[in-house]
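# A closer look at the structure
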Amino acid sequence: MGGSYVSSGPGAKLKDVAALAGVSVGTVSNVLNRPEQVSVDKKSRVLAAIDQLGFVRNESARSLRSGSTRSLGMLVLDVRNPFFTDVALGAENVAEDHKHSLILANSAEDTGRELAYLDLFEQQRVQGVLITPFGQVLERLETMRARGIPSVLVDRLARTDQFCSVSVDDVAGGATALTHLLSVGSVRPAFVGGPFTLQQVEDRYRGAADAAEAAGVSLQLFETPDLKFERGRQIGDLIGNLQPDKRPDAVFAANDQLALGLLQSFAANGLRVPEDIAIVGFDDIDFASQSSIPLSSISQPRHLIGERAAQLLFDEIDDENGHVHSQVVFTPELVARQSTRRHTPAITQHG
């Protein structure tokens, strides 16, 4: 890791810094990468040697002295999902206002990758972390805060007063989606999504299931291992092969990527949307309105989520002792498009 700090101008090396400071090469490396493991005296001597030899760029030297860089880490579930891209852009706007950079990382819904990136953020001494958690990482985040790196949960409600969070009311969003499908004539609705270890999926399903129960209808479940487009296509093929009387007449997909995969599969299987089966997604990404059949979706304020999360993070960075954790919850809204347009059968003339 130390190479990233080397100035290309003077050509000084670790051993030169070590010789001037009167310490070992390992001590110099620790100052660069693990300063908490080095005594104050040795750290001061190494930093003085670094300055004298021009070994470290000015910004890096400043970062070493302060113990952090002018950057934030952001870890999302799926960087390919345009929803997270838009959230990151909102956070980046606020970071730029504070003259910070934003490092975007992708956990890919994998606990090992998630922990590895948190380790990397800590090694890079980012000033704070924005994270959409996948695994059980709150304890890890608490450890990072104790070491001076606070965090804010993004697109996930913090069910504890130990963290700030910015999210939407996913239960309300799920209820809105299902109620809309019932309003356009659905009597056999289905939910497509997963895994249920993701709180967003659990909440969206719960909202839809509660709305279905209140209306006296059954909600069929097609669980998926992730929320990717390809899973939507796979479930769409499964639904397309069902007998008409067993097939749902409407689907609420846990996100727009799944919904767009369903839409593509239904077209390939000869199912008409919305005449044979209606679809509503969640997130209202840009592709939702641009698909061959514009997709109805539950809209989240994507940029605003990122902006608000970054603002809360800087509030804690700037005023650690006086900061009060808060949970910001936005209300999602239905954007109805052609994929759920009410279909009125033609009147047949008799006689």
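Cut-off values and rules
The residue count restarts for each chain, going from 1 along the sequence in the order it is written. Where local features are concerned, this predicted model is filtered to residues with pLDDT of at least 70; where side-chain atom pairs are given and counted, the filter is 80 or more; whole-chain, interface and lining totals use all residues. By convention in this description, side-chain values take in all heavy atoms of the structure and omit both hydrogens and water. Secondary structure elements follow DSSP: runs of H or I of four or more residues count as helices, runs of E of two or more count as strands, with numbering from the N terminus. Relative accessibility decides the category of a residue: with a 1.4 Å probe and only protein chains considered, values under 20% of the type maximum give buried, values over 50% give exposed, and everything between is partly exposed. Note on definitions: a residue-residue contact is assigned when non-hydrogen atoms from the two residues lie within 4.5 Å. Accessible surface is estimated by sampling points in the Shrake-Rupley manner with a 1.4 Å probe; for residues, cover comes only from the protein chains shown. For Phe, Tyr and Trp, rings pair up if their centres lie within 6.5 Å, where Trp contributes its six-membered ring, and each pair is then called stacked (planes under 30 degrees apart), edge-to-face (over 60) or tilted (otherwise). Cation placement over rings: the criterion is NZ of Lys or CZ of Arg within 6 Å of the ring centroid and within 35° of the ring normal. One less than the residue count of a helix, multiplied by 1.5 Å, gives the span that helix is expected to have. Residues belong to a common nonpolar core when they are buried Ala, Val, Leu, Ile, Met, Phe, Trp, Tyr or Cys residues joined through side-chain atoms within 4.5 Å. Two strands pair under a simple rule: DSSP has to find at least two bridges between them. The angle between two axes is taken between their N-to-C directions and runs from 0 to 180 degrees, where each axis is a line fitted to C-alpha atoms and a helix contributes only its stretch in contact. When an angle is under 35 degrees it counts as roughly parallel; over 145 it counts as roughly antiparallel; between 65 and 115 it counts as roughly perpendicular; any other value is oblique. Directions pointing from the helix axis toward each C-beta atom define the arc. Within this analysis, patches are made of residues with over 30% relative accessible area and no salt bridge. Like charges are joined at 9 Å or less; nonpolar side chains (Val, Leu, Ile, Met, Phe, Trp, Tyr) at 5 Å or less. A carboxyl oxygen of Asp or Glu within 4 Å of a side-chain nitrogen of Lys or Arg is what we treat as a salt bridge. The sign given to each residue is positive for Lys and Arg and negative for Asp and Glu; His and the chain ends receive no count. Just so you know, the charge point we use is NZ for Lys, CZ for Arg, CG for Asp and CD for Glu. If you view the pair so one helix is near and one far, a crossing is left-handed when the near helix is turned anticlockwise from the far one by less than a right angle, and right-handed when it is turned clockwise. Residue polarity is assigned by list, with Asp, Glu, Lys and Arg as charged and Ala, Val, Leu, Ile, Met, Phe, Trp, Tyr, Cys and Pro as nonpolar; anything else, Gly included, falls into the polar class.

Helix and strand counts for the protein chain come out as 13 helices and 12 strands. By residue count, 51% of the 351 residues in the protein chain fall in the buried class. In the protein chain, once contacts between residues fewer than 6 apart in sequence are set aside, the share between residues at least 24 apart is 70%. Within the structure as shown, the protein chain displays about 16000 Å² of accessible surface, and the carbon and sulfur contribution to it stands at 49%.

With that out of the way, let us pick up the packing of aromatic side chains. Under the criterion given, the structure shown has seven aromatic pairs. Where Phe 83 meets Phe 84, the ring centres are 5.1 Å apart and the plane angle is 70°; that geometry is what we call edge-to-face. For the pair shown, Phe 83 and Phe 84 are each scored as buried. An angle of 65° between the planes, with centres 5.2 Å apart, marks the rings of Phe 191 and Tyr 205 as edge-to-face. Pair noted here: Phe 191 is in strand β6 (residues 189-193) and Tyr 205 is in helix α9 (residues 199-215), with a separation of 14 residues, a long-range link. When the ring centre of Phe 163 is taken as origin, the NZ or CZ atom of Arg 145, which lies over that ring, is 4.5 Å away.

Tracing the backbone through its elements, the reader meets Asp 256 in helix α11 (residues 256-268). Overall, Asp 256 belongs to the buried group, its relative accessible area being 1%. Between the alpha carbons of Asp 256 and Ala 288 there is a distance of 6.8 Å; along the sequence they are 32 residues apart. In contact with Asp 256, other than residues within four places in its own chain, are Gly 281, Phe 282, Asp 283, Asp 284, Ile 285, Ala 288, Leu 295 and Ser 297.

What follows covers helix α13 (residues 302-318). Helix length check: α13, at 17 residues, gives a terminal C-alpha distance of 25 Å against a target of 24 Å (1.5 Å per residue), a fit within 8%. Of all the positions in α13, only Arg 302, Ile 305, Gly 306, Ala 309, Ala 310, Leu 312, Leu 313, Phe 314 and Glu 316 are classed as buried.

Turning to the nonpolar core, a few remarks are in order. By size, the foremost hydrophobic cluster in this structure holds 67 residues, and its most contacted members are Met 74, Leu 130, Phe 252, Leu 262, Phe 266, Ile 279 and Ile 305. Sequence-distant contacts of Ile 279, defined by excluding residues within four places in its chain, comprise Val 251, Ala 259, Leu 262, Leu 263, Phe 266, Val 273, Leu 295, Ser 296, Ser 339 and Thr 340. Within the second largest apolar cluster, 14 residues are counted, among which are Leu 75, Val 126, Ile 131 and Val 137.

What follows deals with the sheet that holds strand β11 (residues 327-330). In spatial order, the strands read β2-β1-β3-β4-β5-β11; together these six strands make up an open sheet with parallel pairing. A single partner strand is all that each edge strand has here, and the edge strands are β2 (101-106) and β11. Strand-to-strand twist in this sheet, taken as the mean axis angle between neighbours without regard to direction, amounts to 15°. As paired strands, strand β1 (residues 71-76) and strand β3 (residues 128-131) are joined by four bridges and run parallel to one another. Paired with Leu 75 across the bridge in β3 is Ile 131. Sitting on the sheet, helix α6 (residues 111-123) is in contact with β1, β2 and β3, with an inclination near 180° to β1.

Here we take up the packing of α6 against helix α7 (residues 138-146). Packing of α6 against α7 brings their axes to within 11 Å, and their N-to-C directions diverge by 5°. As the angle between them shows, α6 and α7 are arranged roughly parallel. Contacts between α6 and α7 involve Leu 115, Leu 118, Asp 119, Phe 121 and Glu 122 from the first element and Arg 140, Leu 141 and Met 144 from the second.

Glancing now at helix α1 (residues 14-21). Taken as a whole, α1 has its buried residues at Val 17, Ala 18 and Ala 21. For α1, the arc enclosing every buried residue in end-on projection is 100°, short of the 170-degree limit, so these residues lie on one face. Among the exposed residues of α1, those pointing more than 90 degrees away from its buried face are Lys 15 and Ala 19. A positive phi of about 70° marks Gly 22, the residue just after α1.

This paragraph deals with a negative patch on the surface. Where like charges cluster on the molecular surface, the negative patch consists of Asp 315, Asp 318, Asp 319 and Glu 320. Its place among the elements puts Asp 319 in the loop between α13 and β11.

The next thing to look at is the packing of helix α8 (residues 170-183) against α9. When two helices pack together, you describe them by how their axes are tilted relative to each other and by the distance separating the axes. At their nearest, the axes of α8 and α9 sit 7 Å apart, and the two run at 45° to each other. In terms of their interaxial angle, α8 and α9 are classed as oblique. As for the relative orientation of α8 and α9, their crossing is right-handed in sense. Seen from α8, the contacting residues are Asp 170, Val 171, Gly 174, Ala 175, Leu 178, Thr 179 and Leu 182; seen from α9, they are Gln 200, Asp 203, Arg 204, Arg 206, Gly 207, Ala 208, Ala 211, Ala 212 and Ala 215. Taken together, the residues of the contact of α8 with α9 sort by class into eight nonpolar, four polar and four charged.

On to unusual backbone geometry. Residue Pro 195 is bonded to the preceding Gly 194 through a cis peptide linkage, with omega at 0°. Relative to the helices and strands, Pro 195 resides in the loop between β6 and α9. In this structure, the amide linkage connecting Val 273 to the following residue, Pro 274, adopts the cis form with an omega of 10°. Tracing the sequence through the fold places Pro 274 in the loop between α11 and β9 (278-283). The residue Glu 109 is not glycine, and still its phi comes out positive at about 55°. Within the secondary structure, Glu 109 sits in the loop between β2 and α6. Taking relative accessible area as the criterion, Glu 109 reaches 13% and is therefore assigned buried. If you check the backbone angles, Asp 283 has positive phi at about 125° while not being a glycine. By the element assignment, Asp 283 lies in strand β9. Given a relative accessible area of 3%, Asp 283 falls into the buried group.

Read these as geometric descriptors, not functional statements.
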